[in-house]
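Chain by chain, the residues:
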Amino acid sequence: MKKRIALFPGSFDPFTKGHQDIVLRGLNLFDEIVIAIGYNSQKDQRYFKIDFMIEKIQETFAKYPQIKVVTYSQLTADLARKYEARYLLRGLRNTTDFEYENSIAQVNRHLNAELESVFLITSPPFAAISSSIIREVHRYGGDVSVMLPYSL
Ligand code: ADP
């Protein structure tokens, strides 16, 4: 049988416990998960350095050979073809996420009809975690360690 490969795309600036939860739960559904960090080296506007984040995500999933971390700057729908991923994994926290994810999923369906978007609802302990809040707290010297699966 064909391997079920899912792409989990995002900015991951930074990768959080919320993201980790989606990936680990995704392992119950998929044989392989490719965590794809959208990144354009020509206009790097990241808060956390890309190489640092790749290393931290790899460290987080060191025990899982079926999880891969890559960076990309192309259409997610095309990247999915490259990795033979038929599923696009995304997480949903609230209705704001839903509105946004709904539009992206419609576009992706148009760009790659073979790609099925799959949404996992956030686990309650991680519902309030967002990369943007972490950046904001970290910028002003606050402790963000409880929201990250690795140490900074
Ligand atoms: P993007 O910039 O593409 O929104 P993010 O890195 O912010 O990328 O998030 C990647 C995916 O993870 C998105 O589907 C987002 O909704 C989901 N996500 C982010 N934070 C959480 C969380 N705390 N719980 C569940 N899903 C989350």
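It should be noted that the structure appears before, not after, this text.
What counts and what doesn't
- Residues numbered from 1 in each chain as written.
- Predicted model: local features only at pLDDT ≥ 70, side-chain atom pairs only at ≥ 80, totals over all residues.
- Heavy atoms only, no water.
- Helix = DSSP H or I, 4+ residues; strand = E, 2+ residues; numbered from the N terminus.
- Expected span 1.5 Å × (residues − 1).
- Contact = heavy atoms within 4.5 Å.
- Polar contact = N/O pair within 3.5 Å; in protein donor to acceptor, adjacent residues only side chain to side chain.
- Near = heavy atom within 4 Å.
- Areas by Shrake-Rupley, 256 points an atom, 1.4 Å probe, with all protein chains shown as cover.
- 1 Å grid on protein atoms, 1.4 Å probe; cavity = no way out; pocket = protein on both sides within 12 Å on 5 of 7 lines; lining within 4 Å.
- Sits in = over half its atoms within 2 Å of the grid points.
- Nonpolar A, V, L, I, M, F, W, Y, C, P; charged D, E, K, R; others polar.
- Pairing = 2+ DSSP bridges.
- Right-handed = clockwise from strand over helix to strand, strands pointing away.
- Phe/Tyr/Trp six-rings, centres within 6.5 Å; stacked < 30°, edge-to-face > 60°.
- Buried < 20%, exposed > 50% of the residue type's maximum accessible area, 1.4 Å probe, protein only.

1. Description of helix α4 (residues 95–111)
For α4, built from 17 residues, the straight-helix expectation of 24 Å at 1.5 Å per residue is met to within 8% by its first-to-last C-alpha distance of 24 Å. Its buried side turned inward, α4 meets α3 (76–82), β4 (87–92) and β5 (116–121). Near the N-terminus of α4, the side chain that reaches the backbone nitrogen of T96, with its oxygen 3.2 Å away, is that of N94.

2. Side note on the site of the ligand
Taken together, 17 residues form the shell around the ligand, and within it S11, F12, G91, F126 and I129 come nearest. R90 is positioned with one of its side-chain polar atoms (N or O) 3.1 Å from an oxygen atom of the ligand. Summarising the interface, the protein chains cover 87% of the accessible area of the ligand, which totals 550 Å² for the free molecule. Most atoms of the ligand, that is more than half of them, are within 2 Å of grid points of the largest pocket. Elements represented by at least two residues in the shell around the ligand include exactly β1 (5–10), α1 (17–26), β4 and α4. Its residues placed into classes, the shell around the ligand shows 7 nonpolar, 6 polar and 4 charged.

3. Topic: the pairing of strand β3 (residues 67–72)
Direction of pairing for strand β2 (residues 32–38) relative to β3: parallel, over a ladder of 6 bridges. Among the inter-strand pairings, I33 is bridged to a residue of β3, identified as I67. Read from β2 through helix α2 (residues 50–60) to β3, the crossover connection turns out right-handed.

4. Here we look at the environment of A128
On the secondary structure map, A128 appears in the loop between β5 and α5 (131–139). Residues A128 and I35, 93 residues apart in the sequence, show an inter-C-alpha distance of 21 Å.

5. Considering the packing of aromatic side chains
Throughout the structure, instances matching the rule amount to 6 aromatic pairs. Arranged with centres 5.2 Å apart and planes meeting at 40°, the rings of F30 and Y87 form a pair that is tilted. Of the two residues, F30 sits in the loop between α1 and β2 while Y87 sits in strand β4, which places them 57 residues apart along the sequence. You can call F30 buried: its relative accessible area is 6%. Taking the centre distance of 6.2 Å and the plane angle of 70° together, the rings of F61 and Y64 count as edge-to-face.

6. Looking at the side chain of R90
Looking at the secondary structure, you find R90 in strand β4. Given the relative accessible area of 16%, R90 is considered buried. A polar atom in the side chain of R90 sits 2.6 Å from the backbone oxygen of P9. Not counting residues up to four positions away in its chain, the partners in contact with R90 are F8, P9, G10, I22, Y100, E101, I104, V118, F119 and L120.

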